[in-house]
Amino acid sequence: MAGSFERSAWEFDLGRHTITQVAIVAAGLEQLSEPELVCLELAWDALLAGTIPVGAVVVDADGQIIASGRNAVYGQPDPRLLCGSRLAHAEINALMWLPVDRRLSDCRLVTSLEPCQLCVGALRMATVGALTFVGADPVNGTAWVLESARYVGHRPVSVTGPSSGPADRLAAGLALAYTLSRDPASAFTIAARERSPELTGAADALIEAGVFAMAASRMTWDQAALKLLAAV
């Protein structure tokens, strides 16, 4: 599996991303990097697969994607991913393809949603030196742990995120919409609504805009993105 920077987990063709630069600017996503935009499309791919919409990539010092993954806790099995496990988070599915023969402090994990404790720990154990996340997770997000000198010790991790404006609302809203729709009365839902009315409001708006009908119709990311952004 590991040992080189071959993209064996998920082959990316950046040419597949068909949202034009003009549309990106019009939608308010011009502040996002190419890897962040890829994470959003991977999150949509996850929703199409029937699981939590979160996507992640790892980039090298030059900003090139060297590993990638999406959430696969639920949905149909995929031989390229850890699937059907509560550990099958997008970040795990990206980090597990990294080589083990050198430190990766010059690499960055980029994810559509603020990582949980599991994924923050995996980031540290993978020796990746930086984290960027697009959307905040008001309940399970644990990026703040990386600010603890005791936790990072001699190997600090630089943290950037969340993004502002529509990017944050879209990335967080997608993941929240999935969870809120599955169990509207859960402890998670109650906590999310108490802690972040803005992001849960974005999730409600996405549900009202028909996000799940779009996914059920197999709408592509370039077809869905601007409709979803308009909703949040």
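This write-up is about the structure you can find in this document. Everything quoted here is computed from the prediction, not taken from an experiment.

A separate point is unusual backbone geometry. Omega for the peptide link from glycine 161 to proline 162 comes to 0 degrees, which places this bond in the cis form. Of note in the backbone geometry, threonine 127 takes a positive phi value of approximately 70 degrees without being a glycine. In this structure threonine 127 comes out as buried when scored by relative accessible area, which is 7%.

Applying the stated rule across the entire model yields five salt bridges. With a closest N to O distance of 3.8 Å, arginine 70 and aspartate 78 form a salt bridge. For the residue pair arginine 70 and aspartate 78, the accessibility class agrees, reading buried in each case. Here aspartate 204 ties to arginine 193 by a salt bridge, and the two come within 2.9 Å at their closest N and O atoms. Here aspartate 204, found in helix α8 (residues 197-208), pairs with arginine 193, found in helix α7 (residues 187-195); they are 11 residues apart in sequence, far enough to count as distant.

Ranked by size, the top nonpolar core spans 38 residues in total, and within it Val58, Leu95, Leu98, Leu109, Leu123 and Val128 carry the most contacts. Ranked by residue count, the leading element in this core is helix α6 (residues 166-182), at five residues. Residues contacting leucine 123, with those up to four places away along its chain left out, are Leu95, Leu109, Val128, Ala130, Leu131, Leu146 and Val157.

Rules of the game
Residues numbered from 1 in each chain as written. Predicted model: local features only at pLDDT ≥ 70, side-chain atom pairs only at ≥ 80, totals over all residues. Heavy atoms only, no water. Buried < 20%, exposed > 50% of the residue type's maximum accessible area, 1.4 Å probe, protein only. Salt bridge = Lys/Arg side-chain N within 4 Å of Asp/Glu carboxyl O. Helix = DSSP H or I, 4+ residues; strand = E, 2+ residues; numbered from the N terminus. Core = buried A, V, L, I, M, F, W, Y, C linked by side-chain atoms within 4.5 Å. Contact = heavy atoms within 4.5 Å.

Geometric descriptors of this kind do not, in isolation, establish any biological role.
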